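Analysis of the macromolecular model
Listed below are the residues making up each chain.
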Amino acid sequence: MSVGKSKEKQNEIKREDHTPSKSAISWPLTIFASSFMGIFFGLAFYKSHVFEPQIIRGQFLFQRFIMLKVFFGAMGTGALLLAFLSGRTKKFHNARELWRPTASTRGYWTGPALGGFGLGVGMAISGACPGMVLAAWGADTPDCTYTIFGGLLGALVYGMNAELIQRKILDRGPKGPCSKEYADEVVGISYSKLATGLGIVCLLGCVVLEQLVPWKEEVPSRLSEAMNRPSCKLGLSFDPWECPAWPPSLAGCLVGSLQFIAVLAMETLLGSATAFQVCSSCLLLPTKLIEGNAYLKAFATPNPQAWWQLFYVGLAVVAAQQSAKADGEVGASHGVGPLAAFLGGFVLIFASRLGGGCTSGHGLSGCAILLVQSWVAVPAMFAGGIAVAVAWQMGVGGFFQPE
């Protein structure tokens with residue numbers, strides 16, 4: 001391959017994973033903003049208890065709805081804030097354009113559909129997702145370290161074979177499913193109107209779910225006594241630091257509000273799986289395995305619009321850890337076993353790279369910016385998780401063990 005073609009290929013790979021070849025974003029601002037965001041990201045996931053493996057597994061059997069409440073709260077708030085920004089700053093459009101190549105470089109069956117399904121499978125097996133496992137690690141959840149190691153291996157395997165996967169899998173699927181990448185471009189209605197409608201629908205979904213399944217009924221039973229304290233009664237007496245759990249919808253709204261900072265400070269959107277790709281790529285720097293691999297080199301090269309996730313996830317771990325210590329909840333939740341944790345971690349990160357986004361990337365960001373392929377990936381993710389959950393529970397049993 002010629003030098004010119006090699007550089008062109010490297011830039012294409014960077015753009016595919018939301019990382020531009022050149023960035024005007026400053027490192028000091030990136031470090032400060034991503035660290036600040038990470039604190040609240042970790043705190044929200046920890047206090048909602050959505051990070052607990054049995055909470056995640058329970059969602060796929062429709063026995064727990066904490067994950068869906070967080071999901072709706074985050075997507076709804078994020079969509080409303082992004083709709084507000086869309087007509088006021090070019091930074092929003094810059095962030096949104098980073099995602100267009102995700103669709104243009106992937107067939108929708110071989111990319112978001114297959115990758116999303118695999119992500120759901122990995123989530124069900126491990127009881128984790130790329131973002132939630134960080135809060136789990138901070139809270140010293142049993143077996144989550146195996147999930148992280150499995151995820152790093154999944155990112156490494158994907159990165160070492162990225163060009164082959166692109167050529168043999170992603171390029172072979174039909175592009176689309178629409179002629180345009182974004183829903184507003186497809187239907188001819190402004191982004192701000194569609195995103196505002198999406199945000200309202202999602203937040204109404206939170207209200208409906210809360211009416212059907214009150215949040216205090218879903219928290220782990222070990223917290224039942226603590227939840228009867230005055231500090232856990234919603235209202236003026238509610239103390240977010242004293243109460244060991246927060247309403248998941250409100251925790252999700254806090255996560256969604258971080259989109260505002262991500263766009264204005266770094267011209268990017270929320271995601272977590274790229275941190276695994278950066279770390280696994282950097283692990284190969286002392287070896288010769290990274291030579292000639294444009295994909296791995298792109299992530300191993302310092303770039304604030306990819307490396308911001310390192311500070312983001314790092315502070316998320318610290319925030320969850322300190323909160324767990326304050327609540328006396330370190331290591332309190334149940335794990336899924338080392339083998340399931342490791343295997344699930346491998347599958348969920350590999351599938352995230354294949355699909356072009358993780359639970360946060362497609363679910364909270366891609367859907368909020370109306371990326372059509374994200375609306376393929378998210379239903380596929382739930383389909384994969386539900387399929388594993390039902391098969392496991394009906395087969396050998398023991399998939400979901402409520403605490």
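Reference entry: report on the structure contained in this document.

Notes on the side chain of Lys-69
Relative to the helices and strands, Lys-69 is located in helix 4 (residues 66-86). For Lys-69, a relative accessible area of 0% corresponds to the buried category. A polar contact of 3.2 Å, which involves the side chain of Lys-69, links it to the side chain of Glu-218. The residues contacting Lys-69, other than those within four sequence positions of it, are Cys-206, Leu-209, Glu-210, Val-213, Pro-214, Trp-215, Glu-218, Pro-248 and Ser-249.

Describing the state of the cysteines
Throughout the structure, instances matching the rule amount to one disulfide. Here Cys-232 engages in a disulfide with Cys-243; their sulfurs sit 2.2 Å apart. Around the S-S axis, the bridge from Cys-232 to Cys-243 shows a dihedral of about 115° and counts as right-handed. Taken together, the residues span a long stretch of sequence, with Cys-232 in the loop between helix 12 (191-212) and helix 13 (248-266) and Cys-243 in the loop between helix 12 and helix 13 at a distance of eleven residues. Overall, the relative accessible area of 0% leaves Cys-232 in the buried class. There is no disulfide at Cys-202, and the cysteine sulfur nearest it, in Cys-206, is 7.4 Å away.

Concerning a nonpolar patch on the surface
A cluster of nonpolar side chains, Tyr-146, Phe-149, Leu-153 and Phe-342, forms an exposed patch at the surface whose accessible area comes to about 380 Å². Here the nonpolar patch gets three residues from one element, more than from any other, and that element is helix 9 (residues 144-160). The residue Phe-149 is located in helix 9 in this model.

Focus: the environment of Cys-243
According to the relative accessible area criterion, Cys-243 is buried, its value standing at 0%. Each C-alpha atom, one on Cys-243 and one on Ser-231, is 5.7 Å from the other, the two residues being twelve residues apart in sequence. Setting aside residues no more than four positions away along its own chain, Cys-243 makes contact with Lys-47, Met-227, Ser-231, Cys-232 and Phe-238.

A look at the packing of aromatic side chains
Scanning the entire structure with this criterion turns up 17 aromatic pairs. Here the aromatic rings of Phe-346 and Phe-350 are separated by 6.0 Å at their centres, their planes lie at 10°, and the arrangement is stacked. Of this pair, Phe-346 and Phe-350 both sit in helix 17 (residues 338-355), four residues apart, which is roughly one turn of that helix. For Phe-346, a relative accessible area of 23% corresponds to the partly exposed category. Since its relative accessible area comes to 23%, Phe-350 is described here as partly exposed. What links up through ring pairs into an aromatic cluster is the set Tyr-158, Tyr-295, Phe-299, Phe-346 and Phe-350. Over the ring of Trp-392 we find Arg-57; its NZ or CZ atom is 4.6 Å from the centre of that ring. Over the face of the ring belonging to Tyr-182 we find Arg-96, whose NZ or CZ atom lies 3.9 Å from the ring centre.

Focus: the packing of helix 3 (residues 53-60) against helix 7 (residues 109-126)
Between helix 3 and helix 7, the least distance of the axes is 8 Å, while the angle of their chain directions is 130°. Viewed along their axes, helix 3 and helix 7 adopt a mutual orientation that is oblique. The way helix 3 lies across helix 7 gives a crossing that is left-handed. Within the contact between the two elements, helix 3 uses Pro-53, Ile-56, Arg-57 and Phe-60 and helix 7 uses Gly-120, Met-123, Ala-124, Ile-125 and Ser-126.

Comments concerning helix 9
Between its first and last C-alpha, helix 9 extends 24 Å over 17 residues, near the 24 Å set by a 1.5 Å rise per residue. Residues Cys-144, Thr-147, Ile-148, Gly-150, Gly-151, Leu-152, Gly-154, Ala-155, Leu-156, Tyr-158 and Gly-159 constitute the buried set of helix 9.

Quick word on helix 14 (residues 273-283)
Of all eleven residues in helix 14, eight are buried, a share of seventy percent or more. Among the residues of helix 14, Ala-273, Thr-274, Ala-275, Phe-276, Gln-277, Val-278, Ser-280 and Ser-281 are the ones counted as buried. Tucked inside the fold, the buried residues of helix 14 contact helix 8 (132-138), helix 9, helix 15 (294-300), helix 16 (304-327) and helix 17.

Thresholds applied
Counting restarts for each chain: residues are numbered from 1 in the order of the written sequence. The model is predicted, so local features are restricted to residues of pLDDT at least 70 and side-chain atom pairs to those at 80 or more, both for listing and for counting; the totals for chains, interfaces and linings are taken over all residues. Based on all heavy atoms of the structure, the side-chain values leave hydrogens and waters out of the count. The way it works is that DSSP assigns letters per residue, a run of H or I at least four long becomes a helix, a run of E at least two long becomes a strand, and they are numbered from the N terminus. Relative accessible area decides the class of each residue, using a 1.4 Å probe on protein chains only: under 20% of the type maximum gives buried, over 50% gives exposed, and in between gives partly exposed. Whenever two N or O atoms come within 3.5 Å, that pair is a polar contact, provided that in protein one can donate a hydrogen and the other can accept it, and provided that, for residues adjacent in sequence, both atoms are side-chain atoms. By the convention used here, residues are in contact when the closest approach between their heavy atoms is within 4.5 Å. Cysteine sulfurs are considered disulfide-paired once they come within 2.5 Å of each other. Only residues whose relative accessible area exceeds 30% and that take part in no salt bridge are eligible for patches, with like-charged residues grouped when within 9 Å of each other and nonpolar side chains (Val, Leu, Ile, Met, Phe, Trp, Tyr) grouped when within 5 Å. Accessible surface area values rest on a Shrake-Rupley calculation with a 1.4 Å probe, where residue burial reflects the displayed protein chains alone. Every case where a carboxyl oxygen of Asp or Glu lies within 4 Å of a side-chain nitrogen of Lys or Arg is listed as a salt bridge. Planes of paired rings set the category: under 30 degrees apart is stacked, over 60 is edge-to-face and the rest tilted, where pairs are Phe, Tyr or Trp rings (Trp by its six-membered ring) whose centres lie within 6.5 Å. Throughout this description, the term charge over a ring refers to an Arg CZ or Lys NZ atom that lies within 6 Å of the ring centre and within 35 degrees of the ring normal. For every element, the axis is a line fit to its C-alpha atoms; helices are fit only across the contacting stretch, and the angle between N-to-C directions ranges from 0 to 180 degrees. Reported orientations rely on four angle classes, namely roughly parallel under 35 degrees, roughly antiparallel over 145, roughly perpendicular from 65 to 115, and oblique for the rest. Put simply, a crossing is left-handed when the front helix is turned counterclockwise from the back one by less than a right angle, and right-handed when it is turned clockwise. Here, expected helix span is obtained from the residue count minus one, scaled by 1.5 Å.

Shape is all these values report; function is a separate question.
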